[in-house]
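So the chains spell out like this:
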Amino acid sequence: MNSLFDLWKEKVPYYDKDFKSLFDLIALKGSLGGNRVGLGKHFDTQYELYIYAFFLGLSKNEFIPIPDGRRIGNFSHHIKFWGNKNSGSRKDFSYIQKYMFTAVAAKTEIDFIELEKGNINEEDVVKKLLNTFESYTNGGLTLIQEEMKENPNRFLQSTAFLNMLISVSKETA
Amino acid sequence: MAKKDEIFKSFMKHELLKEKYGIDRKNIPDTVREAKNSEVPIIKIIGEIVDTIDSNIEAGKKTEQQTYDLLTRYLSTVEL
Amino acid sequence: MILEEVILENVQCYYGKKTFRFTNGLNIVLSENGEGKTKFIEAFEWLFNGEESKLESLVSAKKLHETNIGERFSVSVSITVNQHDEIKTLKRFFIVEKLTDSVRVSKSEMNGDIVNLNGERTEVNGNHLLESVFPSTIRKYSIFKGEESLNIFDDKETLVSLINIYSAAKSYEKYHKRGEFLKTKADDAVNTELGRDTRHKKELDKININLKEFRRQIVVQETLLQETLETENNLEKSIKEVESFIHNAEEINLINEEIKKLNIKKNNIFIKDDYTTFLFDEGWILKDYKLILDEFTVKIKTNYDTKIALEVEHNLEQGKNKAEALTLVNNALPLPLTTPSKAIMESMLADQICKVCNTEAKKGSKPYNFMMNRLEALIESSKPSTSETEVKLFPNNYLRKLDYLSEELNENFGKLSSVPSQIKEKLELNESLKNQIIQIDKEIEEKENQKIRIIGKSTVGEDTLSKNLKNYTGWQHDLKRINREVNSFVQKIEDINKDLTAENLKKDRIQQSGGTNTKKLTQIKDFFQDIAKIFTDTKVKMFNEFVADLEKKANEKFKLINKGAFTGVIKIYIRNIGLRPQAEIELLDVNDKAFMPNKSLETSMYISIIMAISDLTKETQDEHYPMLMDAPVSSFGEIKKRELLEMIYNVKNQQTIVLFKDYLDVDENNKLFIIRDFEKVKRESAQWAKLERPFNDEKLETLNTIIQII
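Residues numbered from 1 in each chain as written. Chains lettered and ligands numbered in written order. Predicted model: local features only at pLDDT ≥ 70, side-chain atom pairs only at ≥ 80, totals over all residues. Heavy atoms only, no water.

Some details on the overall build of chain B
On a plain count of helices and strands, chain B comes out with five helices and zero strands. Listing the helices and strands of chain B from first to last along the sequence gives α-α-α-α-α. In chain B, 44% of the contacts between residues at least 6 apart in sequence involve partners at least 24 apart. Accessible surface for chain B amounts to roughly 4,600 Å². Of this, 47% is attributable to carbon and sulfur atoms. (Helix = DSSP H or I, 4+ residues; strand = E, 2+ residues; numbered from the N terminus. Contact = heavy atoms within 4.5 Å. Areas by Shrake-Rupley, 256 points an atom, 1.4 Å probe, with all protein chains shown as cover.)

This is the structure in structure tokens:
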């Protein structure tokens, strides 16, 4: 029997189609970075942005479910592959999958008892988990987009995304 | 010491005086006034010339021509 | 001659009558750039050179502004000096009449008057008085506007002129001339006498013709030699200029090397500030994750506990005995069946002891049976359900895996707890590296500015250097050729002189064979020749002695100004060539090799020489004159300025007026003040020429310099 985690990480999460331009704007396409800084992108891959947006939405408690009919974007990259690096200047951060799952599980209303009893289909649970995942991410993306509109200069700093998430350093104007 | 005496003394240091004219150091006077009274022609002449040029009194100064005349007159009379 | 007063009336920024008072010794005038410093010297010079061309530009805008149309006022510069115990005043002035749209200025006039010991005043011709008060030959070497003008010694004849002006050698010139006169006159007398003697007339005439010809040739050669020497002088000047560029170029090369090193240092500093990436690669994204993890842990635990409780209940329903048998003492929540494991249970039963609480569980005892029941329940629970009535309450066990996950993450979280300090350290490190780079950038900028200053001071830029280097090699060639020409002229003159001497010898022989009169006149002539030689030799000796003393004194002052620093030794070479002697100044290092000094060393060298000349001639000179220097110390550091002023202060009986913009600074309200250090500067007088506040640079009529005694 697979764990919920195993089931969940087989999925490919979606995002609101309105954010496609955001993805293209600040994330490189493809699996491994390259000329990220030169092209003005902040993220080496699109799923990295996804991860970031998720944590952002999570920490700011921005839970915004994707409206119906807008769920179309994905990058055909199963969660289980996220963070796997075996070359280049990046380290492997596949550990992140467990943490995302744990956060998602913590925030999702699951009747574990019924699940253990077998009265609820695990697929439904996984769907719910995925929904939580997508909704927090959606919230995060919304925040990012708003901030880029209001404060575009902020994103010239290398500390921009770091600060947005965990407010550590002084940002110069 | 007056300026003219200083100038006079500086001329007296020239080696010609000793080498050609055989004048001893100690026989050289210190002042122009003394020099003018000297019986050694070259000392007297130099003293006179200094006096005609750097005399303290305006009347003492003489032109070149005057100097020449005065000196040759004297020199004609002495044994050189 | 002591300059006692300089009065500027309505001259440029000096509105109304403004008086500068001076005394013997060191006088300092402090003035910020643009507040009257340079204008003072210009006005002073105008008094002497009386340029008519730009009189309008001398008029004080403020005075003009206040004057009504049709009214007049005067613009003047006057000086009062004390010379030979007489007070002499010179005033150059002109009248300004304000018209509707312009001004009318009169021609300038010069007034002079003398007040003698008895107090009697006499009016004299201004221009004559001017020349006697401050002769132009002396003025030329007494007024210095800035460091560049100190290079009067670039011209080889300058130093000689100065020495001749100031030294005792001047006095000997008269004797030299007189000696020559007497000699020539006596020679003429002999010739005239000889001429009467027809015996030797023919021979004598021939000799005289030859002598005349030789003398003419010598004159020609000496003129050519002089011209060549001038060309040589100019060439050497050009070469020196380029050499100073090369010197500059060397300085610049040095600076470029330093800049290169700094850049390498900078490039070796790597700032890794890929913070967005660190979020993932270093786990920074999990900085505040603990809460979530706790939430999860609690949730799983709670659910797991609930599940177990339900399971127990269920088991109770499913099999009472078994359930009863498995109930705990105080109805406490039982452990999951799998804990402890089957193997552990079997071991405890085998050893008949509860290994958790160290109590005996002998076979058949209550604890033993309890453990046995438990083990059986465990074995049964892992068997697939055989009977249909055997219904498992919880067929799924997702919670267990979630529990493991929770354990795993909690264990790992120890590592993650260092993330906050990691982030802090990284940010601080990057900040300090950034500051290092900024510091290096500052240093590089300073060096670039240094380069600009050096290039700015020279008249060519970095690029023109190569062009000059090309000229340089050509000039060096030319110089060699000219040196050879000079030598050939000198040689030729020597040869002609030999011929001259030979002819003169012939003449002497004839003179010897002459009559008594001739003999006597010849004796007189020889006599005068000796006297002429004594005079000339003494003159040269006094000159050389002066130069040696000058060299010594100049080096003393030189060391004083540059206390503690390596200076090299000043050497003055006199070359008696051509019609006029020449002097060259060089700076020698410890190996007696000439080297090029930097700007501040060169300036202090020239000032040392000028001051040494003045110092030495106090005894021998009839007269001394003031020296005016406008800020000759821009290349000097603080200590060197102080040493220079101290040195000048100590030169006895020399009036020196130095204009400075140093020792002035602005406070936080942008107000000018004199810095404390100035109190320590020894001087006979100090004044501060400053613009009255408030003023507006663009409105000339607001400019009014006032003089404040310090």
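From this point, the discussion proceeds with the structure in view.
So, the nonpolar core
In terms of nonpolar packing, the biggest core is built from 75 residues, with Trp8, Ile51, Tyr52, Phe55, Met100, Phe133 and Ile144 of chain A touching the most fellow members. In this structure Phe133 of chain A touches Trp8, Pro13, Tyr50, Phe54, Ile79, Trp82, Met100 and Val104 of chain A, once residues within four positions along its chain are discounted. Phe144, Leu159, Val160 and Phe543 of chain C belong to the second-largest nonpolar core, a separate cluster that totals 51 residues. (Core = buried A, V, L, I, M, F, W, Y, C linked by side-chain atoms within 4.5 Å. Buried < 20%, exposed > 50% of the residue type's maximum accessible area, 1.4 Å probe, protein only.)

Some words on the packing of helix α5 (residues 64-77) of chain B against helix α16 (residues 516-561) of chain C
Running from amino to carboxyl end, α5 of chain B crosses α16 of chain C at an angle of 125 degrees, the nearest separation of the two axes being 10 Å. On the basis of their axis angle, the class for α5 of chain B and α16 of chain C is oblique. Considering only the axes of α5 of chain B and α16 of chain C, their crossing is right-handed. Of the residues in α16 of chain C, those in contact with Tyr68, Leu71, Thr72, Leu75 and Ser76 of chain B of α5 of chain B are Lys520, Ile524, Phe527 and Phe528 of chain C. Broken down by class, the residue content of the contact of α5 of chain B with α16 of chain C amounts to six nonpolar, two polar and one charged. (Axes fitted to C-alpha atoms, helices over the stretch in contact; angles between N-to-C directions. Parallel < 35°, antiparallel > 145°, perpendicular 65-115°, else oblique. Left-handed = near helix turned anticlockwise from the far one by under 90°. Nonpolar A, V, L, I, M, F, W, Y, C, P; charged D, E, K, R; others polar.)

A few points about the confidence of the model for chain C
Put simply, chain C has an average pLDDT of 84, and 92% of its residues get 70 or more. Overall fold confidence (pTM) sits at 0.51, and the ipTM for the predicted complex is 0.94. (pLDDT = per-residue confidence, 0-100.)

Section: the packing of helix α4 (residues 95-107) of chain A against helix α6 (residues 122-150) of chain A
Residue and element names in this part refer to chain A. Taken N-terminus to C-terminus, the directions of α4 and α6 make an angle of 105 degrees; their axes are 9 Å apart at the nearest point. As judged from the angle between their axes, α4 and α6 are roughly perpendicular. Contacts between α4 and α6 involve Met100, Phe101, Val104, Ala105 and Lys107 on the former and, on the latter, Leu129, Thr132, Phe133 and Tyr136. Its residues assigned to classes, the contact of α4 with α6 comprises seven nonpolar, one polar and one charged.

Re the pairing of strand β8 (residues 121-125) of chain C
Residue and element names in this part refer to chain C. Of the pairings in the sheet, the one linking strand β7 (residues 109-115) to β8 comprises five bridges and is antiparallel in character. Along β8, the bridge assignment pairs Ile114 with Thr122. Between the end of β7 and the start of β8, which pair antiparallel, lie five residues, with Gly119 showing a positive phi angle near 90 degrees. (Pairing = 2+ DSSP bridges.)

Observations regarding the pairing of β7 of chain C
In summary, the side chains of a regular strand alternate between the two faces of the sheet. The sheet contact formed by strand β5 (residues 86-98) of chain C and β7 of chain C spans seven bridges and is antiparallel. Paired with Leu90 of chain C across the two strands is Gly112 of chain C, which belongs to β7 of chain C.

Quick look at the packing of aromatic side chains
According to the stated counting rule, one finds 42 aromatic pairs over all chains in the structure shown. Where Tyr68 of chain B meets Phe528 of chain C, the ring centres are 6.1 Å apart and the plane angle is 40 degrees; that geometry is what we call tilted. On the criterion of chain membership, the pair formed by Tyr68 of chain B in helix α5 and Phe528 of chain C in helix α16 is interchain, its members lying in two chains. The exposure class assigned to Tyr68 of chain B is buried, which follows from its relative accessible area of 9%. Taken together, a centroid distance of 5.8 Å and an interplanar angle of 85 degrees make the contact between Trp46 of chain C and Phe94 of chain C edge-to-face. Residue Trp46 of chain C is found in helix α1 (residues 37-49), and its partner Phe94 of chain C is found in strand β5; the two are separated by 48 residues along the sequence. For the pair shown, Trp46 of chain C and Phe94 of chain C are each scored as buried. Between the NZ or CZ atom of Lys91 of chain C and the centre of the ring of Phe93 of chain C, over which it lies, the distance is 5.8 Å. (Phe/Tyr/Trp six-rings, centres within 6.5 Å; stacked < 30°, edge-to-face > 60°. Lys NZ or Arg CZ within 6 Å of the ring centre and 35° of its normal.)

Brief notes about the environment of Val658 of chain C
Residue and element names in this part refer to chain C. Structurally, the position occupied by Val658 is in strand β15 (residues 656-660). Through-space distance from the C-alpha of Val658 to that of Phe144 is 9.6 Å; in sequence the pair is 514 residues apart. Setting aside residues no more than four positions away along its own chain, Val658 makes contact with Leu26, Asn27, Ile28, Val29, Met629, Pro632 and Ile648.

Observations regarding the sheet that holds strand β9 (residues 143-145) of chain C
Residues and elements named next belong to chain C. Read across the sheet, six strands follow the order β9-β14-β15-β3-β18-β19 without closing on themselves; strand pairing throughout is mixed. Unpaired on one side and paired on the other, β9 and β19 (705-709) mark the two borders of the sheet. Strand-to-strand twist of the sheet, defined as the mean angle between neighbouring strand axes without regard to direction, takes the value 15 degrees. The pairing of strand β3 (residues 26-30) with strand β18 (residues 685-691) spans four bridges and is classified as parallel. Each bridged residue has a counterpart across the sheet, and for Val29 the counterpart in β18 is Gln687. In the packing of helix α17 (residues 599-616) onto the sheet, contacts are made with β9, β14 (627-630) and β15, and the angle to β14 comes to roughly 165 degrees. Together, β3 and β15 form the strand contacts of helix α18 (residues 638-650), whose direction differs from that of β3 by roughly 140 degrees.

Description of a positive patch on the surface
A contiguous patch of positive charge, built from Lys13, Lys18 and Arg25 of chain B together with Lys541 of chain C, is present on the exposed surface. Secondary-structure assignment places Arg25 of chain B in the loop between α2 (15-19) and α3 (32-36). (Patch = residues over 30% accessible without salt bridge, like charges linked within 9 Å, V, L, I, M, F, W, Y side chains within 5 Å. Salt bridge = Lys/Arg side-chain N within 4 Å of Asp/Glu carboxyl O. Lys, Arg positive; Asp, Glu negative; His and termini not counted. Charge placed at Lys NZ, Arg CZ, Asp CG, Glu CD.)

Here's the deal with helix α13 (residues 398-416) of chain C
Taking 1.5 Å of rise per residue, the 19 residues of α13 of chain C would be expected to cover 27 Å, and the 26 Å separating its terminal C-alpha atoms lies within 8% of that figure. Inspection of α13 of chain C places Tyr398, Leu399, Leu402, Leu405, Ser406, Leu409, Phe413 and Leu416 of chain C among the buried residues, and these make up the whole buried set. (Expected span 1.5 Å × (residues − 1).)

Section: helix α3 (residues 46-59) of chain A
Counting along an α-helix, one turn takes 3.6 residues, and residues three or four places apart therefore face a common direction. With 14 residues, α3 of chain A should reach 20 Å at 1.5 Å per residue; the first-to-last C-alpha distance of 20 Å fits that figure. Counting buried positions over the 14 residues of α3 of chain A gives 13, a clear majority of the element.

Considerations on the interface of chain B and chain C
With 32 residues of chain B at the contact, the number on the chain C side is 25 residues. Both sides of the chain B and chain C interface together cover about 2,700 Å² of buried area, and 68% of this is carbon and sulfur. Of all residues in chain B, Phe11, Glu64 and Tyr68 of chain B bury the most surface against chain C, accounting for 24% of the area lost on that side. Counting every contact that joins chain B to chain C gives two salt bridges. A salt bridge links Lys174 of chain C to Asp54 of chain B; its shortest N-O distance comes to 3.5 Å. Where chain B meets chain C, there are eight residue pairs in polar contact (both at pLDDT 80 or more). (Buried area = accessible area lost by both parts, 1.4 Å probe. Polar contact = N/O pair within 3.5 Å; in protein donor to acceptor, adjacent residues only side chain to side chain.)

Overview of unusual backbone geometry
All names here are of chain C. With an omega of -5 degrees, the peptide bond running from Thr339 to Pro340 counts as cis. One can find Pro340 in the loop between α10 (320-326) and α11 (342-351). The peptide bond linking Arg693 to Pro694 adopts the cis configuration, its omega dihedral lying at -5 degrees. Note that Pro694 resides in the loop between β18 and β19. A positive phi angle is found at Asn358, which is not glycine, with a value near 60 degrees. If you trace the backbone, Asn358 turns up in the loop between β10 (353-354) and β11 (359-360).

As for the side chain of Asn191 of chain C
All names here are of chain C. Relative to the elements of secondary structure, Asn191 occurs in helix α6 (residues 169-196). You can call Asn191 buried: its relative accessible area is 16%. Excluding anything up to four places from it in sequence, Asn191 contacts Asn208, Lys507 and Gln511.

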